[in-house]
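So you can see what is in the structure, the chains are spelled out below.
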Amino acid sequence: MMYAEIRKLHLIEEVLKIDNEYTLSALENILKKTSALENDFQSPFAALSGIWSTEEAQEIETAIVENCEQINQDDWK
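For every chain, the first residue of the written sequence is number 1, and numbering continues from 1 onward in sequence order. Where local features are concerned, this predicted model is filtered to residues with pLDDT of at least 70; where side-chain atom pairs are given and counted, the filter is 80 or more; whole-chain, interface and lining totals use all residues. Only hydrogens and water are set aside when side-chain values are computed; all heavy atoms of the structure are taken into account.

Peer 1: What exactly am I supposed to notice about the pattern of salt bridges here?
Peer 2: Pairing between side chains of opposite charge can happen when their charged atoms approach one another. What makes a salt bridge here is a side-chain nitrogen of Lys or Arg within 4 Å of a carboxyl oxygen of Asp or Glu, nothing more. Applying the stated criterion to the full structure yields two salt bridges. Linking Lys8 and Glu5 is a salt bridge whose minimum nitrogen-to-oxygen distance equals 3.5 Å. Of this pair, Lys8 and Glu5 both sit in helix α1 (residues 2-16), three residues apart, which is roughly one turn of that helix. The residue Glu14 makes a salt bridge to Lys17 at a minimum N-O spacing of 3.4 Å. Starting at the N terminus, helices and strands are each numbered in turn, a helix being any DSSP run of H or I of at least four residues and a strand any DSSP run of E of at least two.

What follows is the structure, given as structure tokens:
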């Protein structure tokens, strides 16, 4: 995480040095295209979002905790 923040700061420093209008416009276009691509991306799980009620989600979570998060020590022998 920290490395990404350092990279962002470095990029900001470089952008502040830009004097060429063409370079600045090209950078703006790249950022706009990237932003548009991110907005167009939809997770394959987005269609599933919100199909369970809160109670149903809690019931599923409870079932997972009770049945899937059990460690049987004999299975490791």
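Peer 1: Please clarify how the confidence of the model for the protein chain should be interpreted in this entry.
Peer 2: Any segment with low pLDDT has predicted coordinates that should not be analysed in fine detail. Confidence scores per residue from the predictor, reported as pLDDT, run from 0 to 100. Predicted confidence across the protein chain gives a mean pLDDT of 82, with 83% of residues reaching 70 or more. The least confident element of the protein chain is helix α2 (residues 21-40), whose mean pLDDT is 83; the most confident is α1, at 91.

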